[in-house]
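Here's the letter readout for the chains.
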Amino acid sequence: MSRKPRKKKKKRHATPPARGASPSKLRSTARSLQKRGGVAMISGGFVLIAGLLLVVALVWTEPDETDPPKTGEAAAEPNRSVPAPDTRHMEPPVRSRLETARRTVEERPDSGPAWGGYGALCDAHGLYDCAVACYTVATELDPTDFRWFYLLAFVSELRGGSPDRIVAYYTEASRLEPRLPTIFYRLGEALTRAGRLAEAANAYRKALEIDPQLAVAHRGLGQVVLAQGDAQAAVGSLTKAIELGAEGNPATLASLAQAEMRRGNTAAAEAYAQRAASAAEELPVPDPVRLRIQQMNVSAAQSAARAVRLIQAGRYEAALEQLRIVEQTRPDEPSTHYRIGVCLAHLGKPDEALTRLERAAELAPDNEVVRKELERVRGLLES
Amino acid sequence: MLQRLITTSCLLAAVLGCAANVDSQHEAWLVDVTADVGLDFTYRTGATGELHMPEIMGGGVAFIDYDGDGDPDVYATNGNASPAKPARGGEIGDRLFRNDDGRFTDVTSETGLGDTGYGMGVAVADFDGDGDADLYVSNFGEDRLYRNDGGRFVDFTADSGIVAPGWSASAVWCDYDLDGALDLYVTRYVDYSAEKRCRDPASRPAYCGPLEFPPVSDLLFRNLGSGRFEDVSTSSGIASVRAAGLGVVCEDLDDDGWPDFYVANDAYANQLWLNRRDGTFVDRAVLLGAAFNIHGEPEAGMGVVAADFDNDLRSDLFVTHLAAETNTYYRNVGAGKGFADATGEVGLAVSSMALTGFGTVAFDVDFDGDLDLAVVNGRVKRTDPRPDSWVDEPWSWFAEPNLFYVNESGALFRGGAAATAPFTDPVEISRGLTLGDYDGDGDQDLLAANIESPLRVYRNDAPKEGRWVVLRLSDPGANREAIGARVTVLAGDLRQRRTMTRGSSYLSSRDASLHIGIGAAASADVTVTWPDGKRETFNAVPADGETTLIRGTGTPSS
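Residues numbered from 1 in each chain as written. Chains lettered and ligands numbered in written order. Predicted model: local features only at pLDDT ≥ 70, side-chain atom pairs only at ≥ 80, totals over all residues. Heavy atoms only, no water.

Glancing now at the overall build of chain B. Tallying secondary structure elements over chain B gives four helices and 39 strands in all. Overall, chain B is about 65 × 55 × 50 Å in size when its C-alpha atoms are taken along their principal axes. Relative to its full complement of 558 residues, chain B shows a buried share of 66%. A sequence separation of at least 24 residues applies to 60% of the contacts in chain B between residues at least 6 apart. Just so you have it, chain B exposes about 16900 Å², and 50% of that area is on carbon and sulfur atoms. (Helix = DSSP H or I, 4+ residues; strand = E, 2+ residues; numbered from the N terminus. Buried < 20%, exposed > 50% of the residue type's maximum accessible area, 1.4 Å probe, protein only. Contact = heavy atoms within 4.5 Å. Areas by Shrake-Rupley, 256 points an atom, 1.4 Å probe, with all protein chains shown as cover.)

Structure, rendered in structure tokens:
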């Protein structure tokens, strides 16, 4: 039973609503980067990463307030408009930090650290378009600082940037800071996503030359060689990741299950799949740069989460700093008063702790945890 | 005759080296004809500014030939004035539009429809085998089953035994137990609480994500054949997993002749429910490489399509995801070894990283013999408004353009073609997307649902690279459209396999027809593997027309 098609209707285009200008494009820094030559590398180990963590923590600066404003060509750069994210509904500490960083850039438009710092702050708060724009300028003004290239690569990828540019940014970052295996690890991830598997495998191997104990790079290499069809090699790399601490990591176990499946080892595959289903451990990426970005988020939610982690680690002074930020936004939240009380009690200030805990109990009269801590501190004071 | 002449002209042009090229400067391949066809519908959320999660998740669309006149009509779900808690009633309701020669008329009232639940998805099928298409509507709140009685619908939910409270998303009809009657799989999202408030990383009020709420298990209803359904969620094993289900397809993914289910979950591992042929299922997604992406990470699964993109006669999977994740293409490796994330290799990764994908369809837009891919987008996480947004605040915080990929043979995709701009340009919050030939010209058109902006019809005007067949299946049993049948089309050097299905994408349901490009061949040999495994071959199915393959009229084959 056949039916012939009806005649197509006359073609007419619906008129779309008026639209504004296209989003701004990334600058073409990558093209110049690709001409700059090779990547120097040194071998290293875990000690190196720990050292780098320390270096990044010490070197990292917020927008440089002491850097004197300059005039001249850089300041007159026509296309360097300073991004202004919509801060209307943000919490006061977030808005304040962003506006301060923005003003710093406006006052010092030729300062790479100022642009980079503003970009980092935008990045920390999920404002990626702002971050990309700022990091791009930072790489131009401060081309010796690997962080701007590294962060630009990372954020560009989140925004669907060109793989060629992302690779160029990571490559330049690794040239400027050849001791950080995480750069090669991230490069491997980006290349994997772009389907450039052979290059991705090489990037992971470079990360492992610097730090042979880097479990995430072994895992990444295993996943890439599996995608290339080499299940045998995949099992080797993934097993190495397991030996280095990934035994509770679902991603590693799931990849291992697939590798064994491809090899025809169904029983082993099923065993790994079962383990993956019940596993929940993260496999840490030793990334001092991204860690610092995360720490720059001053929203109440993030500050409270950091405060909890710091309290658990016994770092009460640092926790208090975070809780003061939370308090600016959530002055009547019982958990904030409770945590401040806990910190003050551990810092030997029971009187102040008592005030806070009493306020917490007032706000949450049925909370047993608050009540018990209040009684404990009262007991301390009485004794 | 005119169509045949046009097609012949195209073929001649191709021979002369002037073959249609997606980058050439000709007319748009997909044309927004919404205003021209009289479809005037906008999905209303009832938003009050409190940012309740259901507001940002709906709705769905369906092509359904409810009146049996041979052209697909349109059903669209709608929100409700109460996005905080499930409620029914009020002014906002779902709509049905009748297709009269390519123009649509709102026939909601006269057909007894207009569901006023907080609408999510829609699944179409003739569940009672009486020859007309019925409707299942999923809601934030109780779902509804509407039985079509000769063009007028009755709410059959209570009589059917289907009870689906909570928050349902995509649903699919499929005869999983091969008893001849269509069963129903319903994904369910989360146990939502309106009291929960969330903020984005920049501390601005934002919609919550699924991990803020308890996950729930999906539902499976077995059709008992008498209009009654039995909830077999627990006995089948489906209820053993709790996740945040959004998309679902029913497809024989391990080539054992029995339908399986693949579920795209938001922020949880996806499930590949392999049919154990005894009424039960076992989740093998992790083992078979379809649970996570290439990095072994769960992603925010929204829409899903199962189709043979690389023409190796195996069904691959494509799942849409959140921004900062890629959409993911799982290549079917075959030989029982499951799937491999080949997203980057086939060119689908980078372009999707900045966007949040929902509805997705696979179809051969230009009849060149392979499946192309359309994806509609729209954020769930707040961002600064795009300057090119087509919607005003607050919806501009979530608006994004769409994606269209041309398959350049063997599943190597290329996006960004100027000719597809009318589809990819709208910067809106799109959700449901489906396929149907509304104008009866042989190629498939697109229908997209948008939050707080008009539903859009995109007419397929792509220059055709070859001839084509449109196939419908007719089975005298209860599964009259032969949902689940596999069709292999052989024409010249081209060999393609398609599955007859109505359910895929996100919250949406497509027309029950197969539109297949066959190159220069004047006819195609078609082998149908009916849902029960029996095979028939239909030789010399003529090109450039629609053919209904009636079971029992072909040549039995092994």
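Now, onward.
With the rule as written, the count across this model stands at 31 aromatic pairs over all chains. Summarising the aromatic geometry, the rings of B:F261 and B:F281 are spaced 5.4 Å apart at their centres and angled 50 degrees between planes, so their arrangement reads as tilted. Residue B:F261 is found in strand β16 (residues 260-265), and its partner B:F281 is found in strand β18 (residues 281-283); the two are separated by 20 residues along the sequence. Here the aromatic rings of B:F363 and B:F404 are separated by 6.0 Å at their centres, their planes lie at 85 degrees, and the arrangement is edge-to-face. Of this pair, B:F363 sits in strand β23 (residues 357-363) while B:F404 sits in strand β25 (residues 403-407); the two residues are 41 residues apart in sequence, bridging distant segments of the chain. The class of B:F404 is buried, set by a relative accessible area of 2%. Of note, A:R147 hangs over the ring of A:W148, and the distance from its end group to the ring centre comes to 4.6 Å. Between the NZ or CZ atom of B:R382 and the centre of the ring of B:W397, over which it lies, the distance is 3.4 Å. (Phe/Tyr/Trp six-rings, centres within 6.5 Å; stacked < 30°, edge-to-face > 60°. Lys NZ or Arg CZ within 6 Å of the ring centre and 35° of its normal.)

Throughout the structure, instances matching the rule amount to three disulfides over all chains. Each sulfur of the disulfide joining A:C122 and A:C130 lies 2.1 Å from the other. Taking the sign of the S-S torsion, about 45 degrees here, the bridge from A:C122 to A:C130 comes out right-handed. The residues A:C122 and A:C130 share a single accessibility class, namely buried. Across the disulfide from B:C174 sits B:C250; the S-S distance is 1.9 Å. (Disulfide = S-S within 2.5 Å.)

Reports of interface size often rely on the accessible area that becomes lost once the parts have come together. At the junction of the two partners, chain B supplies 68 residues and chain A supplies 57 residues. For the pair chain B and chain A, the summed buried area comes to about 5500 Å², and 54% of that belongs to carbon and sulfur atoms. Taken as a group, B:L287, B:H295 and B:W390 account for 13% of the area that chain B buries against chain A, more than any other trio of residues on that side. Two residues, A:E91 and B:R199, come together in a salt bridge whose shortest N-O distance is 3.8 Å. Run the count over chain B and chain A and you get nine residue pairs in polar contact (both at pLDDT 80 or more). At the level of elements, α1 (2-15), β1 (30-32), β22 (339-341), β29 (456-460) and β38 (545-550) of chain B are the ones that each hand at least two residues to the side of chain B that touches chain A. Among the elements that take part in the side of chain B that touches chain A, β38(B) stands out by supplying four residues, more than any other. Among the residues forming the side of chain B that touches chain A, the class breakdown is 27 nonpolar, 16 polar and 25 charged. (Buried area = accessible area lost by both parts, 1.4 Å probe. Salt bridge = Lys/Arg side-chain N within 4 Å of Asp/Glu carboxyl O. Polar contact = N/O pair within 3.5 Å; in protein donor to acceptor, adjacent residues only side chain to side chain. Nonpolar A, V, L, I, M, F, W, Y, C, P; charged D, E, K, R; others polar.)

A few words on the packing of helix α6 (residues 146-158) of chain A against helix α7 (residues 163-176) of chain A. Residue and element names in this part refer to chain A. Packing of α6 against α7 leaves a shortest axis separation of 8 Å and a crossing angle of 155 degrees. Our classification of the angle between α6 and α7 gives roughly antiparallel. Crossing hand, α6 versus α7: left-handed. On α7, the residues that touch F146, F149, Y150, L152, A153, F154, S156 and E157 of α6 are I166, Y169, Y170, E172, A173 and L176. (Axes fitted to C-alpha atoms, helices over the stretch in contact; angles between N-to-C directions. Parallel < 35°, antiparallel > 145°, perpendicular 65-115°, else oblique. Left-handed = near helix turned anticlockwise from the far one by under 90°.)

What follows is about the pattern of salt bridges. Going through the model one piece at a time under the given rule, you end up with 60 salt bridges over all chains. For the salt bridge of A:R147 with A:D145, the shortest nitrogen-to-oxygen distance reads 2.6 Å. By sharing partners, the salt bridges in this structure join B:D177, B:D179, B:R222 and B:E230 into a single network.

Before going further, it helps to examine the confidence of the model for chain A. Residues and elements named next belong to chain A. Confidence in the prediction for chain A averages 83 pLDDT; 79% of positions are at 70 or higher. Ranking the elements of chain A by mean pLDDT puts helix α1 (residues 29-34) last with 34 and helix α4 (residues 112-124) first with 98. Segment residues 52-59: pLDDT under 50, and ten contacts once partners within four positions in sequence are set aside and those in other chains are kept. (pLDDT = per-residue confidence, 0-100.)

Glancing now at the domain arrangement of chain A. As far as domains go, chain A holds domain 1 (91-151), domain 2 (178-286) and domain 3 (300-382). Computed over C-alpha atoms, the centres of domain 2 of chain A and domain 3 of chain A are 42 Å apart. (Domains from an automatic or database assignment.)

Here we take up the environment of B:A76. Residue and element names in this part refer to chain B. In this structure, A76 sits in strand β3 (residues 73-76). Here A76 falls in the buried class, since its relative accessible area comes to 0%. The spacing of A76 and G166 is 90 residues in sequence and 20 Å in space, taken between C-alpha atoms. Look past the residues within four positions of A76 in its chain and what remains in contact with it is F41, G60, V61, D94, R95 and L455.

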